[in-house]
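What follows is the residue order along each chain.
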Amino acid sequence: MKILYTDVLVVGGGLAGLRMAIAARRRGHEAVILSLVPPKRSHSAAAQGGMQASLANVIQGQGDNEDVHFEDTVRGSDWGADQAVVRMFVHTAPKAVRELAAWGVPWSRVRRGDREVVINGERVTVTERDGAHGLVAQRQFGGTKKWRTCYVSDGTGHAMLYTVSDQAIAADIPVHERMEAIALIHDAGRCHGAVVRNLVTGELTAYVAKATAIATGGAGRLYRVTTNAVICEGMGQAIALDTGVAALGNMEAVQFHPTGIFPAGILVTEGCRGDGGLLLDGDGHRFMPDYEPEKRELASRDVVSRRMEQHIAAGRGAHSRFGEHLWLDITLLGRAHIEHNLREVQEICRNFLGIDPVREPIPVRPAQHYTMGGIRTDHTGECPTLKGLFAAGEVACWDMHGFNRLGGNSVAETVVAGMIVGEAIADFCDRTANDAVVSTGLARDFLGREQARLDDLLKGGGRENANTLKAAMQNVMTDKVGIFRHGEALAAAVEELQQLVERSRHLGVAYKAPGANPELVVAYRLQLMLRLALCTAAGALARTESRGAHYRDDYPRRDDGEWLKRTLARWPDPTAALPTLDYEALDIGAMELPPGWRGYGARDHMEHPAAEGRRARIEQVKRDLAGADRFAVQEALMPFRHLLPERYRGPNERLDEGTA
């Protein structure tokens, strides 16, 4: 058993983890990154469509700014987001794009003059301004008022990940590959690092750190059909939950992407619809305007996914030997556009479907895509109940997405949260520089505990098969905790998952090697994944309303009076059958944008009793500040700049308004 020491331990080698490590390293702190795979193979590379930032460079983005991006994000979240965090995010996103450009991300650029685009199924000529020539381009994404999504063809995540990874290499930050954190070392409300398993040799090592940052991505593999990579099993959330101290926020908030290719579930970017692609039913009819006449294909993802499933349920789907699906038609975009801006989509269709989207529509159906819930943190990215533990990216409930994420806001969050949380980690290390070093005994206790867990699996005589139980869990989650939810099905899901938890106590592992042993890995991860699944299902059963991606057939209305609050799930007793659910109220009196209609979807939410008063107060502030600029009004309504690291508080520059 070995013990290694560092200032900052980052668990996860994707965009968020790399960016946090870079922030800490340039402040003079040692950082070590753990990664299941080489960093450039991380799931961040799968982000195709782009990164939202209110640059307002393209003509269709003219007039965009932080205020518009803020409103889009809060409405998209169905008022589940922390509005101060959203403000921090939208203010920093333009800085992140420009930093990435300086580091070498080859953003697609604006070209002056006329160009043809497809808007609402029709070819339209737009004229880009001379002054915008050479600036970062943006495309349209769902749920936004302006064209805001910066992109690199349809390989945005790939380009960003390679660039940021190269910066980590330049900063001499070590990445320990094929290493998995299987437990957090903690004592008396303080995190001291992690127990880490070498996936090749099976050896356990205690990594002791002043600050531990988790950036392991989502938990899509709780579901049978997901756009997530096979490594996205929620282990970061799970080891935090396993402490019994840290809470997970909003685990019932699970997003389904409208356009997973059918039947494989592999993602084709929202850029397909943003660039003008249309959704068609089995009869070739464009159906989204029937449901959402204003936003059509570009309503938020939760709304589009539900409309698609609703249309299939009405008997309007296309039939195949694999089941029913709908069509995504991008043929109207033309070969040149597809081969230049959607080339990865074309490759996916050719390789996995045997079709060319230049000539044929793409069979699609919604698939699990994103986990809005995660490790609950404050605005600095730190866990409020376990000091020294930080989280950023999809693994975290920071909480800027609430109950639905807008496309392009997640890959933006990875680097923006990495920047902001990385500075907070450096501040924490500065403050704790003289703290007593954690005892060797504590580290050895955790090492011994985790080794005993693994030995029990390897040497025990259980007869349950981990892969069988995992498949059963994924079926339960897909069939009963999916796009449409109902109390009876959710109650059944909770009961069935509890039975799987009990069966998982009797796992048997046929292959006994302690080192490279995929069967063992499935076994110890499964026990943790089942707890995450129960947090999701139990939270969904308890939340008797519909909000964002959480849609209850039996409670179809958003109920702000009862449910304008964040779910917090803990598991303090390892022998308990269910998580402990608590709630964290969202304060309407501190909101810059009080709850209302989203601009798409249903108009029948139930008002919070304080909403009208807050709206009246906001209108009064605006009258009192008549003639003042938007910054003064915003500061009066909800101050946020003091929450940001000082280096990111400055204004952003735009073509139309200069420095603003």
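So, here's what we can say about the structure. (Residues numbered from 1 in each chain as written. Predicted model: local features only at pLDDT ≥ 70, side-chain atom pairs only at ≥ 80, totals over all residues. Heavy atoms only, no water.)

Looking at unusual backbone geometry
Inference 1: Here the bond from Phe262 into Pro263 is cis, since omega is 10°, no more than 30 degrees from zero.
Inference 2: In this structure, Pro263 sits in the loop between β13 (254-261) and α6 (271-274).
Inference 3: For the bond running from Trp398 to Asp399, omega is 25°, close enough to zero to count as cis.
Inference 4: By the secondary structure assignment, Asp399 is in the loop between β20 (396-397) and α11 (409-431).
Inference 5: The phi torsion at Asp172 lies on the positive side, around 60°, for a residue other than glycine.
Inference 6: Within the secondary structure layout, Asp172 lies in the loop between α4 (156-170) and β8 (175-177).
Inference 7: On the basis of relative accessibility, which here comes to 63%, the residue Asp172 falls in the exposed class.
Inference 8: In this model, Asn250 sits at a positive phi of 55°, which is unusual for a non-glycine residue.
Inference 9: Counting through the fold element by element, Asn250 comes out in the loop between β12 (248-249) and β13. (Helix = DSSP H or I, 4+ residues; strand = E, 2+ residues; numbered from the N terminus. Buried < 20%, exposed > 50% of the residue type's maximum accessible area, 1.4 Å probe, protein only.)

Considerations on the packing of helix α3 (residues 83-103) against α11
Inference 1: Running from N to C, α3 and α11 point in directions that differ by 90°, and their axes come no closer than 9 Å. If you check the angle between α3 and α11, you find them roughly perpendicular. Every residue of α11 that contacts α3 at Met88, Phe89, Thr92, Ala93, Ala96, Glu99 and Leu100 is listed here: Asn409, Ala412, Glu413, Val415, Val416, Met419 and Ile420.
Inference 2: Looking at the contact of α3 with α11 residue by residue, the classes come out as 10 nonpolar, 2 polar and 2 charged. (Axes fitted to C-alpha atoms, helices over the stretch in contact; angles between N-to-C directions. Parallel < 35°, antiparallel > 145°, perpendicular 65-115°, else oblique. Contact = heavy atoms within 4.5 Å. Nonpolar A, V, L, I, M, F, W, Y, C, P; charged D, E, K, R; others polar.)

A look at the packing of aromatic side chains
Inference 1: Applying the stated criterion across every chain yields a total of 5 aromatic pairs.
Inference 2: Here Phe390 and Phe428 contribute two aromatic rings whose centre-to-centre distance is 5.6 Å and whose plane-to-plane angle is 75°, an arrangement assigned as edge-to-face. Residue Phe390 is located in strand β19 (residues 389-391), and its partner Phe428 is located in helix α11; the two are separated by 38 residues in the primary sequence.
Inference 3: Residue classification places Phe428 among the buried residues on the basis of a relative accessible area of 5%.
Inference 4: A ring pair is formed by Trp563 and Tyr583, whose centres lie 5.3 Å apart and whose planes are at 75°; its orientation type is edge-to-face. A residue pair is termed long-range when its members are at least 10 positions apart, and Trp563 in helix α16 (residues 560-563) and Tyr583 in strand β22 (residues 580-585) qualify at 20 residues.
Inference 5: The class of Trp563 is buried, set by a relative accessible area of 6%.
Inference 6: Assessed through its relative accessible area of 31%, Tyr583 is described here as partly exposed.
Inference 7: In this structure, Lys565 packs its charged tip against the face of Tyr583, placed 5.1 Å from the ring centre. (Phe/Tyr/Trp six-rings, centres within 6.5 Å; stacked < 30°, edge-to-face > 60°. Lys NZ or Arg CZ within 6 Å of the ring centre and 35° of its normal.)

Overview of the sheet that holds β20
Inference 1: The 5 strands lie next to each other as β20-β18-β12-β21-β22, forming an open sheet whose pairing is mixed. At either margin of the open sheet sits one strand with a lone partner, and together these are β20 and β22.
Inference 2: Where β12 meets strand β21 (residues 565-570), 2 bridges bridge the pair, whose relative direction is antiparallel. Looking at β21, one finds that Leu248 is bridged to Ala569.
Inference 3: Strands in contact with helix α15 (residues 518-542) are β12, β21 and β22; relative to β22, the strand with the most contacts, it is inclined by about 60°. (Pairing = 2+ DSSP bridges.)

Overview of the sheet that holds strand β3 (residues 51-52)
Inference 1: The strand order across the open sheet built from 3 strands is β3-β7-β6, with neighbouring strands paired in antiparallel fashion. Edge positions in the sheet fall to β3 and β6 (138-139), since each of these pairs with one other strand and no more.
Inference 2: Two elements, β6 and strand β7 (residues 149-150), share 2 bridges in a ladder whose sense is antiparallel. Paired with Gln138 across the strands is Cys150, a residue of β7.

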